[in-house]
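Chain and residue survey
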Amino acid sequence: MSELKKYTFDGSSKLKLASLPTNSKKDGVDKEKILEKTMKNQEKIAELQERLYADGTEGLIILLQAMDAAGKDSTIKHVLSGVNPQGIDVFSFKTPSADESAHDFLWRVHRSVPARGKISLFNRSYYEDVLVVRVHKLNRGYHMSDRVIGQKDKDFFEKRFKHICGFEDYLYENSYRFVKIFLNVSEEKQKERFLERIDKPDKNWKFSSNDLKERELWPKYQKAYEDAINHTATPENPWYVLPADQKWYTRYLVSEAILKALEEIDPQYPEISDEERERLKESRIILAGSAEPEEKEEKEKKEKKEEK
């Protein structure tokens with residue numbers, strides 16, 4: 001997983017978004033080989049997800065953050081196409097409702113944490129509270145005590161970073177793992193994809209005039225993402241900052257990150273007791289009228305040997 005390592009941030013080094021590529025050119029990879037690897041990764045992910053579900057000892061949270069038109073939805077659809085729907089739930093965190101706003105900012109997220117054995121995919125997440133909120137200074141309008149919203153913005157968000165790290169550490173210590181992904185799309189590619197949404201009738205529904213207003217804030221969002229990642233990247237819960245200009249390469253790297261987490265979990269099918277194994281044998285005899293295939297084969301070999 002050498003390509004993935006280049007885009008992994010665990011707090012040991014500082015992220016500088018401007019220095020990271022948004023496409024595959026610097027990695028010098030072969031597209032056909034990458035597509036083949038992605039397919040194999042999908043098969044392995046599906047197999048390990050079945051074992052994760054059966055094992056039930058760890059939960060997995062896949063968290064996707066990105067600028068608009070970075071390809072979050074298509075990445076989710078493609079990479080996880082072979083996963084059993086019973087074992088995964090997808091949550092999109094949009095503008096908080098009145099009820100959600102009346103609680104702490106992690107309240108609505110904690111309710112979406114999966115049961116151990118399952119996967120939750122967050123399409124955007126609680127990180128919006130240190131991204132959109134920070135860029136638009138929405139915290140200043142919160143209905144909260146002055147000791148909280150009266151702080152300097154820098155202090156307010158420093159504490160939020162601390163709360164996020166505490167939340168993720170807490171879940172890690174409760175047998176959960178995170179795959180935190182930022183899809184790093186270039187400003188040029190975003191423009192190209194916006195134009196495509198305008199020009200193609202079947203994609204018109206994806207475009208909003210508000211997208212252009214957010215695009216004007218590109219430098220502020222880049223700074224907010226950089227700070228958020230640098231403050232919350234840890235060895236246990238690293239960030240993957242992946243080039244997002246070429247969807248085929250993005251999907252490969254996302255599949256590598258998910259596969260890496262599942263392989264580290266190394267889920268196993270539950271062992272059954274000798275007593276339960278005996279019950280299985282009895283059940284087989286009732287259903288099929290014979291012992292297990294292995295036993296039947298051994299019996300036939302023994303009989304042939306005796307005949308000789």
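So, a few notes on the structure that sits alongside this text. (Residues numbered from 1 in each chain as written. Predicted model: local features only at pLDDT ≥ 70, side-chain atom pairs only at ≥ 80, totals over all residues. Heavy atoms only, no water.)

1. Considering the overall build of the protein
Cut-off, in case you're wondering: Labels follow the DSSP assignment, with helices taken as runs of H or I lasting at least four residues and strands as runs of E lasting at least two, numbered in each case from the N terminus. Computation of the radius of gyration draws on C-alpha atoms alone. For the globule rule, the value is 2.2 Å times the number of residues to the power 0.38. Throughout, exposure labels follow a simple rule: accessible area from a 1.4 Å probe, protein chains only, divided by the maximum for the residue type, with under 20% read as buried, over 50% as exposed, and the rest as partly exposed. Contact definition: two residues touch when any of their heavy atoms are within 4.5 Å. His residues and chain termini do not enter the charge count, which takes Lys and Arg as positive and Asp and Glu as negative. The atom standing in for a charge is NZ when the residue is Lys, CZ when it is Arg, CG when it is Asp and CD when it is Glu.
A tally of helices and strands in the protein yields 14 helices and six strands. Taking 308 residues into account, the globule formula puts the C-alpha radius of gyration at 19 Å, and the protein, at 24 Å, lies well above it. Viewed in the frame of its principal axes, the protein has a C-alpha envelope of about 90 × 50 × 40 Å. Put simply, the protein has 308 residues, and 45% of those count as buried. Of the contacts made within the protein by residues no fewer than 6 positions apart, 81% connect residues no fewer than 24 positions apart. For the protein, the distance from the average site of its 56 positive side-chain charges to the average site of its 58 negative ones is 6 Å.

2. Section: helix α3 (residues 72-79)
What counts here: The arc under discussion is defined with respect to the helix axis, by the directions toward the C-beta atoms.
Restricting attention to buried positions, one finds in α3 the residues Lys72, Thr75, Ile76 and Val79. Along the axis of α3, the buried residues cluster in a sector spanning 100°; they form a single face. Of the residues in α3, the exposed ones pointing more than 90 degrees away from the buried face are Asp73 and Lys77. Close packing links the buried residues of α3 with α2 (31-55), β2 (59-66), β4 (119-123), β5 (176-184) and α12 (247-265).

3. Thoughts on the nonpolar core
Put simply, the rule is: Nine residue types can take part in a nonpolar core, namely buried Ala, Val, Leu, Ile, Met, Phe, Trp, Tyr and Cys, and a core is a set of them joined through side-chain atoms within 4.5 Å.
In terms of nonpolar packing, the biggest core is built from 75 residues, with Tyr126, Tyr127, Val179 and Ile258 touching the most fellow members. At 11 residues, α12 tops the list of elements feeding residues into this core. Not counting chain neighbours up to four residues away, the residues in contact with isoleucine 258 comprise Ile45, Ile62, Val79, Leu80 and Val179.

4. Let's talk about the packing of α2 against α12
Quick reminder of the rule: Here an axis means a line fitted to C-alpha atoms, over the contact stretch when the element is a helix, while the angle between two N-to-C directions is reported on a 0 to 180 degree scale. By definition, turning the near helix anticlockwise from the far helix through less than a right angle yields a left-handed crossing, and turning it clockwise yields a right-handed one. For this classification, the nonpolar set comprises Ala, Val, Leu, Ile, Met, Phe, Trp, Tyr, Cys and Pro, the charged set comprises Asp, Glu, Lys and Arg, and every other residue, Gly included, is treated as polar.
Interaxial distance between α2 and α12 falls to 9 Å at its minimum, and their mutual angle equals 35°. The handedness of the crossing between α2 and α12 is left-handed. Counting all contacts with α2, which are made through Lys31, Ile34, Leu35, Lys37, Thr38, Asn41, Lys44, Ile45, Leu48 and Leu52, the residues of α12 involved are Trp248, Tyr249, Arg251, Tyr252, Ser255, Glu256, Ile258, Leu259, Leu262, Glu263 and Ile265. Residues belonging to the contact of α2 with α12 are distributed by class as follows: 12 nonpolar, three polar and six charged.

5. A short note on the sheet that holds β2
So the rule is basically this: What makes two strands pair is DSSP finding at least two bridges between them.
Pairing is mixed across the open sheet formed by six strands, whose spatial order is β1-β6-β5-β2-β4-β3. Each edge of the open sheet carries a strand with a single partner, namely β1 (8-9) and β3 (88-92). Pairing analysis gives two bridges linking β1 to strand β6 (residues 239-243), with the strands arranged antiparallel. Within the sheet, the bridge partner assigned to threonine 8 lies in β6 and is tyrosine 240. Helix α8 (residues 153-172) rests against β2 and β5 of the sheet, and its axis sits at about 135° to β5. Helix-sheet contacts for helix α11 (residues 218-232) involve β2, β5 and β6, and the interaxial angle to β6 is about 145°.

6. What about the pairing of β6?
The element β6 is largely enclosed, with a buried count of five among its five residues. Taking every second residue as pointing to the same face, both faces of β6 are buried, with Trp239, Val241 and Pro243 on one and Tyr240 and Leu242 on the other. For β5 and β6, the ladder comprises five bridges, and the chain directions are parallel. Of the residues in β6, the one forming a bridge with isoleucine 181 is tyrosine 240.

7. Observations concerning the packing of aromatic side chains
Counted only if it meets this: Note on aromatic pairs: the rings of Phe, Tyr and Trp (six-membered ring only in Trp) are paired at centre separations within 6.5 Å, and the planes decide the class, stacked below 30 degrees, edge-to-face beyond 60, tilted for the rest. Placement of a charge over a ring requires the Lys NZ or Arg CZ to be within 6 Å of the ring centre, with the centre-to-atom vector within 35 degrees of the ring normal.
Following the criterion strictly, the structure yields 11 aromatic pairs and no others. On the numbers, 6.1 Å between centres and 25° between planes, the contact of tyrosine 249 with tyrosine 252 is stacked. Placement of the pair is tyrosine 249 and tyrosine 252 together in helix α12, with a separation of three residues, close to one helical turn. Accessibility expressed as a relative area gives 0% for tyrosine 249, which makes it buried. Taken together, the ring pairs in this structure connect Tyr126, Tyr127, Phe167 and Trp239 into an aromatic cluster. The cationic tip of arginine 111 hangs over the ring face of tryptophan 107; the distance from NZ or CZ to the ring centre is 4.0 Å. The cationic tip of arginine 160 hangs over the ring face of phenylalanine 105; the distance from NZ or CZ to the ring centre is 4.2 Å.

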